[in-house]
Amino acid sequence: MKNEEVKLRCHKIVGGVAEGEALVSHEPICFYLTDPKTGVVREKNHELAGKNLSNKVLVFPSGKASSVVQIDGLFKLTMHNLAPKAMIVKDVETVLIVSAVLAKVPLVDRLEVDPFEAIHTGDSVRVDAGKGIVIIRKHM
Amino acid sequence: MNLTREEERILAGELGEGTKVAMELLVAIGDAFDAEKMIPISRAHAASSGQEGDMYFVELLAKGGAKCRVPTSTNPVYDIEVFHKLFKIPKDEAAVARRVMEAYKKVGAILSWSCLPYLTENIPLYGETVAFSESSATPYVNSVIGATTNREAAQSALAAGVIGKTPLYGLHIRENRKGTVQIKVEATLKDSFGYTLLGQFVGERVGYGIPVLTGIKKRPSTEELINFCAMSNTSGAISMFHIPGVTIEATTVREAFQGDIPKESITVTNADLQRTCEKLQSARGGKIDFVMLGCPHYTLKQIGQAAELLEGKKIHKGVAFWICTSATTRKLAERMGYVETVEKAGGSIVVDTCIDEPCWTVYRDQVGMTDSPKCAYYRRFKDVIVAGLEECVQAAVKGEYS
């Protein structure tokens, strides 16, 4: 097995260092619509429906839904140690930032290339939010 | 972000752990949006919810000795004393609600427990810089009043209230307040339910943006504007809109777009609103178990309308009839005799709460009716019929909707 390593710059929103397997969603995510006791996405018709986002490095375009439900959703996952390890997004809004701060999940945006081209589900990804660096290891 | 010496000291925890946590959150938001600095706010509204995430943050601030520096009102939770007499509420849920309410009191928030603070308990003026969370509050304050706020979360609004500042970004900057899409209203808006449907439609179609509504013939009422705000910011993320000649920042379409030519326009017809209404229904008709009104909270005028419709009538046996409102509004409704009329008919007017609270779990497997798509969206019940107030009252009296 050959490993290819790519190092990319990003913009820190919530600090922290985390490493894990990437899970990519091209659709916005509402954490309220995941099972707080398993981390499985239960939103019908969602691209990640049935997939487990716990302890993954989650790559998605943005958050969605009202502030109350979004924050409570991610917070409940954190309480059960099932939150994503880190989050890489394209667009941020205030609610997602607050959710990540409360859940203490590293959050970055503005990857120097399109995150959906650079990262694929299953890649190993290390996020060092403080340094503004994302390292992607592809398993070829 | 450039912080002043005082802001640096707060961030370093020199003024206590509570204000430090609040400042950390504001700095994270400011950094994310490349805000240049913090700006003072004059008031805030925290969309408290009585849920665990809410409890975690407000208790963190309360334990850390934080106090609100500017008037900061609160959203509905629920009055445990009232609901314990009515339903069985799970012990742990009730404990969360109680702790949340105590913590907000400890940080010195205005205990309004109302989702329309901008009408009574905490009213911004034109041009004020504020931090208002809550779906109807954010767009109402920006558009109707002309104060500036971003689409805050409960926690960022509370943090802003504690520090008395918010990062300078988003809707606090004039250029970001210009229209992004024109909505040509061809539909007839007969009553406040028409604005409810219009809000639902615009939120769904625009998603995120600043709609500019044209073609509205009759000046909308306060309640109609509230409904439009609540629904468009639930089905979508509409933090601001313009109705040239009605809302405060634009008298013409050109002004609403700040001189730009609208890139996109969407037409709304009666058929669109009809379809929007049909999509909201999860039940067609038949027997109903309850009617739920007041999402967002009913104003005094709406309670008066409900009372007038119920005058001399009896709500059908087995049908529960609820109106949610604020404590201040209920007090006036008592004086006006509205509460007595509604109660005589078999209904209840409850304060401090909202349909999204755990106290309503008793209706989980029942069929209900409401005039609010937002209530239906957050529903904790089996099926919902969404219709105007008059139809809701008629169905409550008959015991069924047909």
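Note: the structure precedes this text.
Participant: Can you break down the pairing of strand 13 (residues 367-370) of chain B residue by residue, with the values?
Facilitator: Side-chain direction in a regular strand flips from residue to residue, so the side chains alternate between the two faces of the sheet. Residue and element names in this part refer to chain B. Side chains Val367 and Met369 of strand 13 all project onto a buried face; the interleaved residues Gly368 and Thr370 project onto the opposite face, where all are buried too. Summarising the sheet, strand 10 (residues 290-293) and strand 13 pair through 3 bridges and their orientation is parallel. Each bridged residue has a counterpart across the sheet, and for Val291 the counterpart in strand 13 is Met369. Sheet topology places strand 13 next to strand 14 (residues 383-386); 4 bridges connect them, and they run parallel. Bridged to Val367 within strand 14 is Asp383.

Participant: Would you mind going over empty space enclosed by the protein in detail, with residue names and values included?
Facilitator: Scanning the entire structure with this criterion turns up 3 cavities of 30 Å³ or more. There is about 360 Å³ of room inside the largest cavity. Around the largest cavity, the lining comprises 28 residues; the ones closest to its centre are Val68 of chain A together with Asn75, Glu134, Ser135 and Lys374 of chain B. Here the residues of the lining of the largest cavity are counted per class, giving 10 nonpolar, 12 polar and 6 charged. What lines the second largest cavity is Ser67, Val68, Ile71 and Asp72 of chain A together with Ala47, Ser49, Gln51, Gly53, Asp54, Ala154 and Gln155 of chain B. Elements with a minimum of two residues in the lining of the second largest cavity: helix 1 (67-79) of chain A together with helix 3 (52-63) and helix 7 (154-163) of chain B. Considering each element in turn, the lining of the second largest cavity owes the most residues, 4 residues, to helix 1 of chain A. Grouping the constituent residues of the lining of the second largest cavity by class yields 4 nonpolar, 5 polar and 2 charged.

Participant: Can you break down the packing of helix 3 of chain B against helix 5 (residues 91-106) of chain B residue by residue, with the values?
Facilitator: All names here are of chain B. Closest axis-to-axis distance for the helix 3/helix 5 pair is 9 Å, and the angle between their directions is 35 degrees. Taken as a pair, helix 3 and helix 5 cross one another with a handedness that is left-handed. Where helix 3 abuts helix 5, its residues Glu52, Asp54, Met55, Val58, Glu59 and Ala62 lie against Val96, Arg99, Val100, Ala103, Tyr104 and Lys106.

Participant: Before we move on, could you go through the pairing of strand 4 (residues 57-60) of chain A and cite the residues and values that matter?
Facilitator: All names here are of chain A. Neither face of strand 4 is left uncovered, since the one carrying Val57 and Val59 and the one carrying Leu58 and Phe60 both have all their residues buried. Sheet analysis places strand 3 (residues 17-24) next to strand 4, joined by 3 bridges and oriented parallel. Bridge assignment links Val24 to a residue of strand 4, and that residue is Val59. As paired elements, strand 4 and strand 5 (residues 86-89) share 4 bridges and run parallel to each other. Bridge pairing in strand 5 links Leu58 to Met87. Since strand 4 and strand 5 lie parallel, the crossover through helix 1 that links them has a hand, and here it is right-handed.

Participant: I'd like a rundown of the packing of aromatic side chains, residues and numbers included.
Facilitator: Residues and elements named next belong to chain B. Per the stated rule, a full pass over the model turns up 9 aromatic pairs over all chains. Judged by centre distance (4.3 Å) and plane angle (10 degrees), the rings of Phe33 and Tyr169 are stacked. Of this pair, Phe33 sits in the loop between helix 2 (17-32) and strand 1 (38-40) while Tyr169 sits in the loop between strand 5 (165-167) and strand 6 (181-185); the two residues are 136 residues apart in sequence, bridging distant segments of the chain. With a relative accessible area of 28%, Phe33 lands in the partly exposed category. On the basis of relative accessible area, Tyr169 is assigned to the buried category, the value being 4%.

Participant: I'd like to hear about the layout of surface pockets, residue by residue, with values.
Facilitator: All names here are of chain B. Its volume calculated, the second largest pocket comes out at about 980 Å³. Lining the second largest pocket are 42 residues, and of these Asp191, Phe193, Gly194, Ala387 and Gly388 lie nearest its centre. Elements with a contribution of two residues or more to the lining of the second largest pocket: helix 8 (192-206), helix 9 (222-235), helix 11 (270-280), helix 12 (300-310), strand 14 and helix 16 (389-398). Tallied by class, the residues present in the lining of the second largest pocket amount to 16 nonpolar, 15 polar and 11 charged.

Participant: Just give me the short version of the sheet that holds strand 8 (residues 265-268) of chain B, but keep the residues and values in it.
Facilitator: All names here are of chain B. With respect to topology, 3 strands assemble into an open sheet ordered 7-6-8, the strand pairing being parallel. Each edge of the open sheet is held by one strand with a lone partner, namely strand 7 (211-214) and strand 8. Across this sheet, the average inter-strand angle for adjacent strands is 25 degrees, counted without regard to direction. Bridge count between strand 6 and strand 8: 4 bridges; the pairing is parallel.

Participant: So what about the side chain of Lys138 of chain A? Which residues, and what values?
Facilitator: Its location among the elements puts Lys138 of chain A in strand 8 (residues 133-139). A distance of 2.6 Å separates a polar atom in the side chain of Lys138 of chain A from a polar atom in the side chain of Asp123 of chain A.

Participant: Give a detailed account of the interface of chain A and chain B, specifying residues and quantitative values.
Facilitator: Taken together, the 22 residues of chain A in the interface contact 24 residues of chain B. Carbon and sulfur atoms make up 61% of the area that chain A and chain B hide from each other, which totals about 1,900 Å². Taken as a group, Val68, Thr94 and Leu102 of chain A account for 25% of the area that chain A buries against chain B, more than any other trio of residues on that side. Inspection of the region where chain A meets chain B yields 2 salt bridges. Secondary structure elements with two or more residues in the side of chain A that touches chain B: strand 2 (11-14), helix 1 and helix 2 (94-103) of chain A.

Participant: Could you give me a rundown of the nonpolar core, with the residues and numbers involved?
Facilitator: Formed by 87 residues in total, the largest nonpolar core has its most connected members in Phe31, Met87 and Leu107 of chain A together with Leu61, Tyr78, Leu158 and Trp360 of chain B. The dominant element in this core, judged by the number of residues it contributes, is helix 2 of chain B, at 9 residues. If near-sequence neighbours (up to four positions away) are discounted, Trp360 of chain B is found in contact with Phe83, Phe87, Met292, Trp322, Cys324, Val350, Thr353, Cys354 and Ile355 of chain B. Val130, Val181, Leu189 and Leu280 of chain B belong to the second largest nonpolar core, which has 38 residues in total.

Participant: Which residues make up the pattern of salt bridges, and what values do they have?
Facilitator: Within the structure shown, the criterion is met by 30 salt bridges over all chains. Between Lys90 of chain A and Asp114 of chain A there is a salt bridge, with its nearest N and O atoms 3.5 Å apart. Highlighted residues: Lys90 of chain A in the loop between strand 5 and helix 2 and Asp114 of chain A in the loop between strand 6 (107-109) and helix 3 (115-118), separated in sequence by 24 residues. Two residues, Glu340 of chain B and Lys344 of chain B, come together in a salt bridge whose shortest N-O distance is 3.9 Å. Of the two residues, Glu340 of chain B and Lys344 of chain B are both situated in helix 14 (residues 338-344); the distance of 4 residues between them amounts to about one turn of the helix. By relative accessible area, Glu340 of chain B is classed as exposed at 51%. A residue is classified by how much of its surface remains accessible, and Lys344 of chain B, at 59% relative accessible area, is exposed.

Calculation criteria
- Residues numbered from 1 in each chain as written.
- Chains lettered and ligands numbered in written order.
- Predicted model: local features only at pLDDT ≥ 70, side-chain atom pairs only at ≥ 80, totals over all residues.
- Heavy atoms only, no water.
- Buried < 20%, exposed > 50% of the residue type's maximum accessible area, 1.4 Å probe, protein only.
- Helix = DSSP H or I, 4+ residues; strand = E, 2+ residues; numbered from the N terminus.
- Pairing = 2+ DSSP bridges.
- 1 Å grid on protein atoms, 1.4 Å probe; cavity = no way out; pocket = protein on both sides within 12 Å on 5 of 7 lines; lining within 4 Å.
- Points joined across faces, edges and corners; volume = space filled by probe spheres on them.
- Nonpolar A, V, L, I, M, F, W, Y, C, P; charged D, E, K, R; others polar.
- Axes fitted to C-alpha atoms, helices over the stretch in contact; angles between N-to-C directions.
- Left-handed = near helix turned anticlockwise from the far one by under 90°.
- Contact = heavy atoms within 4.5 Å.
- Right-handed = clockwise from strand over helix to strand, strands pointing away.
- Phe/Tyr/Trp six-rings, centres within 6.5 Å; stacked < 30°, edge-to-face > 60°.
- Polar contact = N/O pair within 3.5 Å; in protein donor to acceptor, adjacent residues only side chain to side chain.
- Buried area = accessible area lost by both parts, 1.4 Å probe.
- Salt bridge = Lys/Arg side-chain N within 4 Å of Asp/Glu carboxyl O.
- Core = buried A, V, L, I, M, F, W, Y, C linked by side-chain atoms within 4.5 Å.

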